[in-house]
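Structural overview for review
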Amino acid sequence: MSNEWQYHTWKLVSRFVCLLPRSVLLPCGKLLGRLYYRIAAKQRNRALRQIKERLGLTPELAEATIKSSFIKLAQTFIEVLYMPALTKETLASYVTIENRHYLADALAQQKGVVFLTAHIGNWEWFGAALAMAGFPVADIVKRQPNDQHTRLLNENRQLFGIEIFASGTSEIIGAAKALKKGKLLAFFADGDAGRDGIFIEFFGKQASTHLGPAVFARKFNSPVVPGFITRNPDGTHRIQLQPPIYYEDTGNPDADLYNLTERSTKIIESAIRTYPDEWVWFKKRWNTEVKSQ
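Quick summary incoming for the structure in this document. (Residues numbered from 1 in each chain as written. Predicted model: local features only at pLDDT ≥ 70, side-chain atom pairs only at ≥ 80, totals over all residues. Heavy atoms only, no water.)

Bringing the environment of Thr-96 into the picture now. By secondary structure assignment, the location of Thr-96 is in strand S1 (residues 95-98). For Thr-96, a relative accessible area of 42% puts it in the partly exposed group. Ignoring sequence-local partners within four residues, the contact set of Thr-96 consists of His-237, Arg-238 and Ile-239. (Helix = DSSP H or I, 4+ residues; strand = E, 2+ residues; numbered from the N terminus. Buried < 20%, exposed > 50% of the residue type's maximum accessible area, 1.4 Å probe, protein only. Contact = heavy atoms within 4.5 Å.)

Okay, empty space enclosed by the protein next. Vacant regions in the atomic arrangement are exposed by a probe of water-molecule size rolled over the atoms. Scanning the model with the defined rule gives 2 cavities of 30 Å³ or more in all. Here the largest cavity is characterised by a volume of approximately 100 Å³. Along the walls of the largest cavity sit 16 residues, with Ser-69, Lys-72, Leu-73, Asp-277 and Glu-278 positioned nearest its centre. The element contributing the most residues to the lining of the largest cavity is helix H4 (residues 59-81), with 5 residues. When the residues that make up the lining of the largest cavity are grouped by side-chain class, the tally is 7 nonpolar, 5 polar and 4 charged. As a volume, the second largest cavity reaches approximately 50 Å³. In this structure, the second largest cavity is lined by Leu-116, Ala-189, Thr-209, His-210, Pro-213, Ala-214, Thr-261, Ser-264, Thr-265 and Ile-268. If you list the elements that add at least two residues to the lining of the second largest cavity, you get helix H10 (212-220) and helix H11 (253-274). Looking at the lining of the second largest cavity, the element that brings in the most residues is H11, giving 4 residues. (1 Å grid on protein atoms, 1.4 Å probe; cavity = no way out; pocket = protein on both sides within 12 Å on 5 of 7 lines; lining within 4 Å. Points joined across faces, edges and corners; volume = space filled by probe spheres on them. Nonpolar A, V, L, I, M, F, W, Y, C, P; charged D, E, K, R; others polar.)

With that settled, consider the environment of Ala-207. Structurally, the position occupied by Ala-207 is in strand S7 (residues 205-209). We classify Ala-207 as buried; its relative accessible area is 0%. When the C-alpha atoms of Ala-207 and Leu-241 are compared, they prove to be 25 Å apart, with 34 residues separating the residues in sequence. Apart from residues lying up to four places away in sequence, Ala-207 is in contact with Ile-198, Phe-199, Ile-200, Phe-202, Arg-285 and Trp-286.

Three or more residues of helix H6 (residues 100-107) are buried, namely Leu-103, Ala-106 and Leu-107. All buried residues of H6 fall inside an arc of 95 degrees around its axis, so they share one side. Buried residues in H6 make contact with strand S2 (113-117), helix H7 (123-132), strand S5 (184-188), strand S8 (224-231) and strand S9 (237-241). (Arc of directions from axis to C-beta.)

The tally for this structure, following the rule as stated, stands at 0 disulfides. Distance from the sulfur of Cys-28, which forms no disulfide, to the nearest cysteine sulfur (Cys-18) is 13 Å. (Disulfide = S-S within 2.5 Å.)

In this section: the nonpolar core. Counting 46 residues, the largest nonpolar core has Ile-66, Leu-185, Phe-202, Phe-216, Ile-268, Ile-272 and Trp-281 as the members making the most contacts within it. Here the element with the most residues in this core is H11; it accounts for 6 residues. What Phe-202 contacts, discounting residues up to four positions off in sequence, is Arg-54, Ala-207, Thr-265, Ile-268, Glu-269, Ile-272, Trp-279, Arg-285 and Trp-286. In this structure, Ile-78, Ala-128, Phe-135 and Ala-186 belong to the second largest nonpolar core, which totals 36 residues. (Core = buried A, V, L, I, M, F, W, Y, C linked by side-chain atoms within 4.5 Å.)

Shape descriptors only; they carry no functional weight alone.
What follows is the structure, encoded as structure tokens:
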């Protein structure tokens, strides 16, 4: 199947999903998640190994948690396909935003906001819900391995007025301008940063971590507002915004960047510990090894 045909096939699937009642979406996602858990051996085994190592879970609890995470991820996948059918009103009924004053007050400083989040819950609906609530959202996104998947996701994001910038490209200049204009610039700070990152302890093991949020916070003196979205038992979603943290200038830029990145990483770790089945545990988070001296 050519790349163009892949795009049109997924668009067709999305149109079909958009015709379904919401009551059908989550049961379909549950079935898909159970199937995904059974057939995706590589991702399943990596997830089980990492959650047992990092959280010290028993094999039984680890299996139950990862099964739940696969189901929730599949439900998120179905919901992403459903995004063109969402309206401001329906999205507001599916997603509640707690402590929005943290974000509103930070934006009122007119220095932009570095928004710190991770691949927890339905992160695509997260951005859409914030945008529909009136927040000026811009995202720095990583390209998918398949360009047509990236194209489809970006189209969905732009439906809600989200401004998109591709990481690792010249578009980062545009992202900086968006922050300077006072927008909310979202960073997903839970991925492996390769050799360009700095090593921060994450769940008891050194992990290469992106400096981007700290660098932008320093350059523009922007507050860093953490926030995460999780799924309620009834299938709706809950956005929890947290108090802002700030870059602290002690005159040692390297140490200051490290300190803010470490604080940010601990916030992400705490969210994952609280909602362990909401994170994508098969991510290659610890893929980059610390260089031996």
